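# Analysis of the macromolecular model
If you want the building blocks of each chain, they are given just below.
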Amino acid sequence: MSKFFPEGYVPAMEQKQTEKAIKYIKDTFERELSGGLKLSRVTSPIFVPRGSGINDDLNGIERPVRFQIGNLNNREMEIVQSLAKWKRMALADLGFKRGTGLYTDMNAIRPDDDLDAIHSIYVDQWDWELVMDKQERSLDYLKRVVRKIYSSMKRTEFLVSEMFPGCTPTLPDQITFIHSEDAQKEYPELSPAQREKELAKKYGAIFLIGIGSPLADGISQGGRAPDYDDWSTKTDDEHTGLNGDIIVWDTVRGESLELSSMGIRVDEESLLRQLKIKEAEDRKSLYWHTRLLNGELPQTIGGGIGQSRLCMFLLKKAHIGEVQASVWPEEVLQEANSMHVFLM
């Protein structure tokens, strides 16, 4: 009986063809995404200075990989965990205007992440950020951007199916928007992860709004740092949160699969409120936070889209190790070998 792979799983293509398909997906989706959102590609760092406030703190418990630079008096640096805050600073420094933005290849190491079919200590994603007006801070604006990203995924899925016939399209025509507060009311007996699974299976593709703020049962739908997404602002329909996740139904694994997290970013008011909620007000004096509070950074919307996860989904793979080189537990490698599944 299979423990780590679906029973009877057989990859849709062999490894050499998989490598070609990965490149095709990445080239195609980059083109679709950048065209749809008017994004320019930029070069991004793989490490940032420790103590600058630029690195993403994720849920606040993950340990960033740190090292010292010997030729700079042992200055301490951190491998990025994501580029959520760096991108906003780059938009200011490079002079991007409203309605335009950037995207970049983000490569991170998260040593505390789980190792399972969809998680690895190596994270690769398209990080993107778009300049917007403060007057556009609304749920409607967030939904418009989500639809553009989803359209890019749909077009890429179709082109991949044309190039690689074994990869049958499964995404629905439209993405369904659901607020985490409504999901909790509909499935009060389920955990946040179980709700995601039920909703993704029901609709095929959802955007789950409101990640980070506690729900009626006191539990958040997911974790968010206090200093990038705005998860505490009340929206026009009296829900909380201007962020969310794109989640699809993975027919191979029979599970939900998060492909992207994104949101309208904090302004000065919501930053101070969320730092207080998270008891992290000491961050106000850090370099990045000082720039935001001084009005030096533009209002933006942004997020990350998993490169390996999108490849895994479109190529009908059961394990992220089939499209990404990383490290895996010995028992996973043994089962993959017994099933003739190649893990990078």
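It should be emphasised that the depicted structure is a prediction, and the values quoted were computed from it without experimental measurement.

Parameters and conventions
- Residue positions are given per chain, counted from 1 along the sequence in the order it is written.
- Predicted model: local features are reported for residues with pLDDT of at least 70 only, side-chain atom pairs are reported and counted for 80 or more only, and whole-chain, interface and lining totals are derived from all residues.
- Only hydrogens and water are set aside; all other atoms, that is, all heavy atoms of the structure, feed into the side-chain values.
- Note on conventions: DSSP H or I runs of at least 4 residues are helices, E runs of at least 2 residues are strands, and numbering of each starts at the N terminus.
- Just to be clear, the radius of gyration here is over C-alpha atoms, and the globule rule we use is 2.2 Å times residues to the power 0.38.
- Residues count as neighbours in contact if any of their non-hydrogen atoms are within 4.5 Å of one another.
- The positive count covers Lys and Arg only, the negative count covers Asp and Glu only, and His and the chain ends enter neither.
- Taken as the charge location is NZ of Lys, CZ of Arg, CG of Asp or CD of Glu.
- Definition used in this section: a nonpolar core is a set of buried Ala, Val, Leu, Ile, Met, Phe, Trp, Tyr and Cys residues joined via side-chain atoms within 4.5 Å.
- Only protein chains enter the accessibility calculation, which uses a 1.4 Å probe. A residue is then buried if its area is under 20% of the maximum for its type, exposed if over 50%, and partly exposed in between.
- Within 3.5 Å is the distance limit for a polar contact, defined as a pair of N or O atoms, with the added protein rule that one can donate a hydrogen and the other accept it, and that residues adjacent in sequence qualify only through two side-chain atoms.
- Only the contacting stretch of a helix is used when fitting its axis, a line to C-alpha atoms as for every element, and angles between N-to-C directions run 0 to 180 degrees.
- Here the angle decides the label: under 35 degrees means roughly parallel, over 145 means roughly antiparallel, 65 to 115 means roughly perpendicular, and every other value means oblique.
- Here is the rule for handedness: rotate from the far helix to the near one, and if that takes an anticlockwise turn smaller than a right angle the crossing is left-handed, while a clockwise turn gives right-handed.
- Any carboxyl oxygen of Asp or Glu that lies within 4 Å of a side-chain nitrogen of Lys or Arg is treated as forming a salt bridge with it.

## Overview of the overall build of the chain
The secondary structure content of the chain amounts to 9 helices and 11 strands. Its C-alpha radius of gyration of 20 Å places the chain within 12% of the 20 Å reference for a compact globule of 344 residues. Oriented by its inertia axes, the alpha-carbon framework of the chain measures out at about 55 × 55 × 40 Å. Long-range contacts, defined as pairs at least 24 residues apart, comprise 73% of the intrachain contacts of the chain with a sequence gap of at least 6. In the chain, 44 positive and 54 negative side-chain charges are present, and the distance between their average locations comes to 4 Å.

## Concerning the nonpolar core
Grouped together as the largest cluster of nonpolar side chains are 58 residues, with contacts concentrated most on Phe 5, Trp 128, Ile 149, Phe 207, Met 262, Ile 301 and Leu 315. At 9 residues, helix H3 (residues 139-163) tops the list of elements feeding residues into this core. Membership of the second largest hydrophobic core comes to 22 residues, among which are Ile 54, Ala 90, Ala 280 and Leu 292.

## Things to note about the environment of Glu 136
Positionally, Glu 136 belongs in the loop between strand E6 (122-131) and H3. Assessed through its relative accessible area of 15%, Glu 136 is described here as buried. Sequence separation between Glu 136 and Asp 27 is 109 residues, and the spatial gap between their C-alpha atoms is 31 Å. The residues contacting Glu 136, other than those within four sequence positions of it, are Arg 98, Tyr 141 and Ile 264. A distance of 2.8 Å separates a polar atom in the side chain of Glu 136 from the backbone nitrogen of Asp 133.

## Brief notes about the side chain of Ser 213
Counting through the fold element by element, Ser 213 comes out in the loop between strand E8 (205-209) and strand E9 (243-250). Once you skip the residues sitting within four places of it in the chain, Ser 213 turns out to touch Ser 220, Trp 231 and Thr 240.

## Focus: unusual backbone geometry
Look at Lys 38: it is not a glycine, yet its phi comes out positive at around 60°. In this structure, Lys 38 sits in the loop between helix H1 (15-37) and strand E1 (39-41). Positive phi values are uncommon outside glycine, yet Lys 316 reaches one of about 60°. If you trace the backbone, Lys 316 turns up in the loop between helix H8 (307-314) and helix H9 (330-338). Judged by its relative accessible area of 12%, Lys 316 falls in the buried class.

## Comments concerning the packing of H1 against H3
Viewed as axis vectors pointing N to C, H1 and H3 meet at an angle of 150°, and their least axial separation amounts to 9 Å. Taken together, the axes of H1 and H3 are roughly antiparallel relative to one another. With respect to the hand of their crossing, H1 and H3 are arranged in right-handed fashion. On H3, the residues touching Tyr 24, Ile 25, Thr 28, Phe 29, Glu 32, Leu 33, Gly 36 and Leu 37 of H1 are Val 145, Lys 148, Ile 149, Ser 152, Met 153, Arg 155, Thr 156, Leu 159, Val 160 and Met 163.

## Considering the pattern of salt bridges
Proximity of charged atoms lets side chains of opposite charge pair with each other. Counted by the stated rule, this structure contains 28 salt bridges. In this structure, the salt-bridge partner of Asp 245 is Arg 224, at a minimum N-O distance of 2.8 Å. With a gap of 21 residues between them, Asp 245 in strand E9 and Arg 224 in the loop between E8 and E9 connect regions that are remote in the sequence. By the burial criterion, Asp 245 is buried, and Arg 224 matches it.

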